[in-house]
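Each chain is listed here by its residues.
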Amino acid sequence: MVASVQPLPSRIKRPDVASQWQLMWWRFRRHHMAVLGMAMLAAFAFVAIFAEFLAPYDPAKRNPRYLAGAPTPVHFFDSQGSFHATPFVYARTAKRDPVTLRQVPAVDEGRQWPVRFFVRGDTYSFFGLFESDLHLFGTSDGFVHLFGTDHLGRDMFSRTMYATRVSLSVALVGVTVSFILGAIIGGVAGYFGGAIDMFVMRLIEFIRSVPTLPLWLALTAALPRDWTSLQIYVAVTTILGLLGWTHLARTVRSKLLALREEDFVIAAKLAGCTDARLIGRHLLPSFLSYLIVDLTISFPEVLLAETALSFLGLGLREPIESWGVLLYAAQNIRSIAHMPWLLIPGLFVIVSALAFNFVGDGMRDAADPYAK
Amino acid sequence: MTDLATDLVAVEDLQVHFPMRKGAFRRRIVANVRAVDGVSLTIARGETLGLVGESGSGKTTLGRAILRVVEPTAGQVRMRRGDAMVDLRGLDRKAMRRMWRHMQLIFQDPYASLNARMTVRDIIGEPLLANGLAKGSELLDRVIDIIRKVGLNTEHLSRYPHAFSGGQRQRIAIARALVMQPEFIVCDEPVSALDVSIQAQILNLLKELQEELGLTYLFIAHDLAAVSYVSDRVAVMYLGQIVELAPTEQLYYTPRHPYTEALMSAIPVADPEQVMRPVLLTGERPDPANPPTGCRFHTRCRYADATCKTLMPALTELAPGHHVACHHAARLTLQGAASQPGFVADSVAASQTA
C-alpha cells in the first residue's frame with residue numbers, strides 16, 4: 001500500500017514539509033537589505049552580459065567634439081518649461097575660452113538632440129556570436145554622454161558598462177578558482193587529517209601572514225612587461241584566485257571535522273552508506289550553504305583587490321577596461337578637479353561591494369535554518 | 001544465562017585508548033586516555049544487558065566499540081551469525097557495512113542523530129536503499145510498516161525532523177535502527193535527553209519491540225531506575241572497567257562492589273519525607289589518562305587497604321551469574337537499593353515477589 005500524500009496549494013507555508021532551501025529562502029526574504037542587494041546584483045549581472053547593447057558607443061571610440069566633457073543631462077522639459085514626449089539633450093557647440101584659449105564645449109539651448117531607444121550605432125560583435133549595431137539608446141544627430149567623457153573624448157558611460165563586465169568576471173573567475181582550490185585542499189585536510197592536515201594548516205597560516213597588498217604587487221609586478229593586456233587579465237585573475245583560497249579551505253576543513261563526529265553522520269555510516277554516499281547525501285548538503293555564504297562574502301574582496309591593483313597601475317591595463325582601470329585616470333588632482341565625473345566608476349565599486357555584503361549577510365542568517 | 005550456545009555478542013578484553021598528542025609538528029603521543037580498559041562480557045540472545053556508570057566511565061565508548069564505530073585498540077568482539085561467531089575486528093570495511101545490517105545504534109540525542117535535511121521517509125528508508133535491500137514501492141511499504149510499529153503514521157513521512165518533538169524524533173531514530181530487522185541494538189542513553197513523561201513511553205516501546213521482534217539490547221544509561229526497568233542483567237562500569245555484573249535484582253538489592261553500593265544509595269526516592277542517606281564518595285573521579293594503580297576505585301573506596309593500591313582485582317564470579325571485581329567482596333556486607341524504603345522500581349519488585 002502506498003501512502004497518498006495530498007499536495008497542498010503551494011501558496012500555503014508548510015514548514016513541516018519544507019526543504020532546507022525553502023526554509024532558507026523564507027528566512028532570506030525577511031532580510032530586506034539582502035533582497036535589495038540581490039536585485040542590485042541581478043542588475044549588475046545584466047549589465048555585464050549586455051554591455052554592448054546598453055552602451056551607446058564603442059568604448060574606444062573618441063568624440064573629438066567633446067573632449068573631457070561633462071555629463072550631458074537628459075531632459076523632458078526644455079528651458080521654457082514645456083514637456084517633450086521624446087527626451088532630449090541640449091546641443092553642444094565648441095567655444096574657445098578667451099583667456100586660456102582652450103576649446104570648451106558650451107551648451108546651446110536653442111537646439112535639441114532627441115534621445116531615442118533602440119537606435120542603430122557602432123557595430124559590435126556580441127560574444128563573437130553575431131554582429132549587431134542595435135543599442136538601447138542613442139541619438140541620431142549629436143551625441144549623448146551620460147557620464148561625460150574623458151580627456152580623449154571617450155564615452156565614460158559606455159566604458160563603465162564594459163568595465164562592469166571585466167571587473168565582475170575577474171571577481172567571478174578569481175572566486176571560482178579560490179572556491180575549487182579551497183574546497184579541494186580544505187576537504188583533503190579535513191577528510192584525511194593527520195600529517196596532511198598539519199601541513200595544509202601551516203601553509204594556510206603562512207600565506208595569511210603575508211601582507212596581501214605587497215604580495216599582490218610583487219606577483220603582478222613579476223609579470224612580463226611585454227604581455228598583452230589580455231594575458232595580464234588572465235594572469236591577474238589567476239593570482240587573485242590562487243591567493244584567495246585559504247579562508248574557504250579553513251571553513252571546509254573545520255566543517256568537515258565537526259560533521260564527521262555528528263551523530264547523524266555516524267548513523268548514516270551504520271546505515272551502510274559508502275563514502276561517496278556519505279559525502280554526497282550527508283556531509284556536502286550540510287555545509288554547502290556555508291560555502292555559498294563564504295563565496296558571496298569573498299566576492300567583494302577579490303573585486304576590491306582587482307580595483308586596487310588596477311588603480312595602482314599594476315593590475316589590468318588599457319585597452320581592457322575595468323573599474324580600477326577607469327579610476328586610474330582619476331588619480332591626479334587635476335583630473336578630479338576638472339573632471340569629477342571620472343570618479344563615477346568608483347560608485348559602481350562601492351555599490352557592488354555593498355550589494356555583495358548585504359546578500360552575504362542575509363545568506364549567513366538564512367544558511368542554517370535549523371539553528372535555534 | 002550466559003550459555004555459550006545462546007550468546008549473541010561476546011566481548012573479550014576490549015580496550016579503546018585515545019592517544020593524546022602534543023607538539024606543533026612531530027605530534028608525539030604523550031598519554032593514552034583509557035576510555036575502555038579490558039572489558040569482557042557476553043550478551044545472550046533476547047536479553048537486555050544494562051550498562052551503568054557515571055559520566056566519562058566509558059559506557060558510550062564501549063557501546064560504540066562493540067559496533068566498531070569507534071575502532072578498538074585491542075581485544076575481541078564477536079557476533080553470532082548462524083552457528084559461527086564472527087570476529088568483527090577481522091572484517092574489512094565492506095564486510096563491516098554488511099554486518100551493520102544486524103547490529104544498530106540508537107543515539108542519546110534525537111536532535112543530533114537525524115539529518116535535518118532529509119524527510120522522515122528518506123531517513124528511515126536510507127538503510128534499505130544504501131544496502132540495496134529494497135527500493136521503490138517495496139521500500140515504502142517497509143518504511144510504512146516500521147513507522148507504524150514505532151507509533152507514528154504515514155502522514156509523518158513527508159515531514160522533516162524539525163517538525164517533530166523529542167519523543168517523536170526518538171521514535172523516528174528507533175524506526176531507522178529497526179528497518180533492516182537487526183538482531184542486536186545498542187541503546188546509548190535513548191531516554192536521557194527526553195522529558196520524564198516521554199521517557200516511560202519510549203522505554204515501553206523498546207520493551208514491546210523487543211518482545212515482538214526478538215531483539216537483543218545493550219542498554220546504556222546513567223538513570224538507574226530506567227535501567228532496572230528494562231534490563232535482565234546490569235553491568236556497572238567505573239573508569240573504563242566493569243566492576244560488577246549481575247542479574248538486575250541481585251545487583252540492586254545485594255550489591256557486592258563498594259562502587260555499586262554508592263550508586264544504589266544515590267537513587268532518588270519519590271517521597272519528600274524520606275531522608276536520603278547516600279554513601280558519599282570522596283574526591284574526584286581519577287583521570288582516565290592516568291588511572292590509579294591497583295584497583296581503579298581505591299582512591300575513593302572506604303574499604304580500601306594496602307592490597308587494593310597495588311593489585312588490580314579481576315572480575316570473578318562470586319555467586320552464579322554475579323561477577324565482582326573487588327578483593328574484599330567476599331567479606332563485605334553492603335547495602336542495596338532495597339534498604340531504602342520507597343525505592344519503587346516496579347519490575348524489580350515484581351520479579352522479587354514472583
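Note that the structure is predicted; figures quoted are calculated from it, not measured. (Residues numbered from 1 in each chain as written. Chains lettered and ligands numbered in written order. Predicted model: local features only at pLDDT ≥ 70, side-chain atom pairs only at ≥ 80, totals over all residues. Heavy atoms only, no water.)

**As for the overall build of chain A**
In step 1: Assigned secondary structure in chain A consists of 13 helices and 4 strands.
In step 2: The C-alpha atoms of chain A give 26 Å as radius of gyration, which overshoots the globular expectation for 372 residues (21 Å, by more than 25%).
In step 3: Along the first, second and third principal axes, the C-alpha atoms of chain A reach 85 × 60 × 40 Å.
In step 4: Expressed as a percentage of the 372 residues in chain A, the buried residues total 45%.
In step 5: Charge centroids of chain A, computed over 33 positive and 28 negative side chains, lie 3 Å from each other. (Helix = DSSP H or I, 4+ residues; strand = E, 2+ residues; numbered from the N terminus. Rg over C-alpha atoms; globule rule 2.2 N^0.38 Å. Buried < 20%, exposed > 50% of the residue type's maximum accessible area, 1.4 Å probe, protein only. Lys, Arg positive; Asp, Glu negative; His and termini not counted. Charge placed at Lys NZ, Arg CZ, Asp CG, Glu CD.)

**Side note on the confidence of the model for chain A**
In step 1: When the pLDDT values of chain A are averaged, the result is 82; 95% of them are 70 or greater.
In step 2: The element-level mean pLDDT for chain A is lowest in helix α1 (residues 20-29) of chain A, coming to 79, with helix α9 (residues 263-270) of chain A highest at 91. (pLDDT = per-residue confidence, 0-100.)

**Structural notes on the interface of chain A and chain B**
In step 1: Between chain A and chain B, the contact holds 35 residues from the first and 42 residues from the second.
In step 2: Of the roughly 3,200 Å² buried between chain A and chain B, counting both surfaces, carbon and sulfur atoms make up 59%.
In step 3: Linking chain A with chain B are 3 salt bridges.
In step 4: The shortest N-O distance in the salt bridge between Asp263(A) and Arg64(B) comes to 3.6 Å.
In step 5: Run the count over chain A and chain B and you get 8 residue pairs in polar contact (both at pLDDT 80 or more). (Contact = heavy atoms within 4.5 Å. Buried area = accessible area lost by both parts, 1.4 Å probe. Salt bridge = Lys/Arg side-chain N within 4 Å of Asp/Glu carboxyl O. Polar contact = N/O pair within 3.5 Å; in protein donor to acceptor, adjacent residues only side chain to side chain.)

**Description of the packing of helix α10 (residues 275-311) of chain A against helix α3 (residues 120-130) of chain B**
Axes are the key here: two packed helices are described by the angle between their axes and the distance separating the axes.
In step 1: One can describe the packing of α10(A) onto α3(B) by two numbers: an axis separation of 13 Å at closest approach and a directional angle of 165°. It follows from the interaxial angle that α10(A) and α3(B) lie roughly antiparallel. Of the two elements, α10(A) crosses α3(B), and the hand of that crossing is right-handed. Touching Arg277(A), Arg281(A) and His282(A) of α10(A) are Asp122(B), Glu126(B), Leu129(B) and Ala130(B), all from α3(B).
In step 2: Here the residues of the contact of α10(A) with α3(B) are counted per class, giving 2 nonpolar, 1 polar and 4 charged. (Axes fitted to C-alpha atoms, helices over the stretch in contact; angles between N-to-C directions. Parallel < 35°, antiparallel > 145°, perpendicular 65-115°, else oblique. Left-handed = near helix turned anticlockwise from the far one by under 90°. Nonpolar A, V, L, I, M, F, W, Y, C, P; charged D, E, K, R; others polar.)

**Quick word on the sheet that holds strand β4 (residues 74-81) of chain B**
All names here are of chain B.
In step 1: The 4 strands lie next to each other as β2-β1-β4-β5, forming an open sheet whose pairing is antiparallel. Only two strands of the sheet have a single neighbouring strand rather than two, namely β2 (28-44) and β5 (84-87). Adjacent strand axes in the sheet meet at a mean angle of 25°, parallel and antiparallel pairs treated alike.
In step 2: Across 5 bridges, strand β1 (residues 7-22) lies against β4 in antiparallel orientation. Its bridge partner lying in β4, glutamate 12 is registered against glutamine 76. (Pairing = 2+ DSSP bridges.)

**Some words on unusual backbone geometry**
In step 1: Backbone geometry places Asp13(B), a non-glycine residue, at a positive phi of 45°.
In step 2: Mapped onto the elements, Asp13(B) comes out in strand β1.

**Focus: the pairing of strand β6 (residues 103-106) of chain B**
Residue and element names in this part refer to chain B.
In step 1: Every second residue of β6 is oriented toward a common face, with Met103 and Leu105 on one face and Gln104 and Ile106 on the other, all of them buried.
In step 2: Sheet topology places β6 next to strand β7 (residues 184-188); 4 bridges connect them, and they run parallel. Its bridge partner lying in β7, isoleucine 106 is registered against cysteine 187.

**Describing the environment of Ala65(B)**
Residues and elements named next belong to chain B.
In step 1: You can see alanine 65 is positioned in helix α1 (residues 59-67).
In step 2: Distance in space between the C-alpha atoms of alanine 65 and valine 11 is 10.0 Å, their sequence separation being 54 residues.
In step 3: If we skip the residues at most four places from it in the chain, alanine 65 touches Leu14, Val16, Val70, Pro72 and Val77.

**Here's the deal with the pattern of salt bridges**
In step 1: Applying the stated criterion across every chain yields a total of 24 salt bridges over all chains.
In step 2: Between Arg165(A) and Glu52(A) there is a salt bridge, and its shortest N-O distance comes to 2.7 Å. Here Glu52(A) lies in helix α3 (residues 51-54) and Arg165(A) lies in helix α4 (residues 156-192), a separation of 113 residues in the sequence.
In step 3: The exposure class assigned to Arg165(A) is buried, which follows from its relative accessible area of 17%.
In step 4: Residue classification places Glu52(A) among the buried residues on the basis of a relative accessible area of 6%.
In step 5: A salt bridge links Asp37(B) to Arg296(B), with the shortest nitrogen-to-oxygen separation between them at 2.6 Å. Placement of Asp37(B) in strand β2 and of Arg296(B) in the loop between α9 (258-265) and α10 (306-310) is noted, with a sequence separation of 259 residues between them.
In step 6: The class of Asp37(B) is buried, set by a relative accessible area of 8%.
In step 7: What makes Arg296(B) buried here is its relative accessible area of 6%.

**Examining the packing of aromatic side chains**
Residue and element names in this part refer to chain A.
In step 1: Evaluation of the coordinates by the stated rule reveals 18 aromatic pairs over all chains.
In step 2: A centroid spacing of 5.9 Å and a plane angle of 65° characterise the contact between phenylalanine 44 and tryptophan 323, whose relative ring orientation is edge-to-face. With phenylalanine 44 in helix α2 (residues 32-49) and tryptophan 323 in helix α11 (residues 323-328), this pair connects stretches of sequence that are 279 residues apart.
In step 3: You can call phenylalanine 44 buried: its relative accessible area is 9%. (Phe/Tyr/Trp six-rings, centres within 6.5 Å; stacked < 30°, edge-to-face > 60°.)

**What about a nonpolar patch on the surface?**
All names here are of chain A.
In step 1: A cluster of nonpolar residues, Ile180, Ile184, Val188, Phe192 and Ile196, forms a patch on the protein surface that exposes about 470 Å² of accessible area.
In step 2: Top element by residues in the nonpolar patch is α4. It accounts for 4 residues.
In step 3: The residue isoleucine 184 is located in helix α4 in this model.
In step 4: The class of isoleucine 184 is exposed, set by a relative accessible area of 53%. (Patch = residues over 30% accessible without salt bridge, like charges linked within 9 Å, V, L, I, M, F, W, Y side chains within 5 Å. Areas by Shrake-Rupley, 256 points an atom, 1.4 Å probe, with all protein chains shown as cover.)

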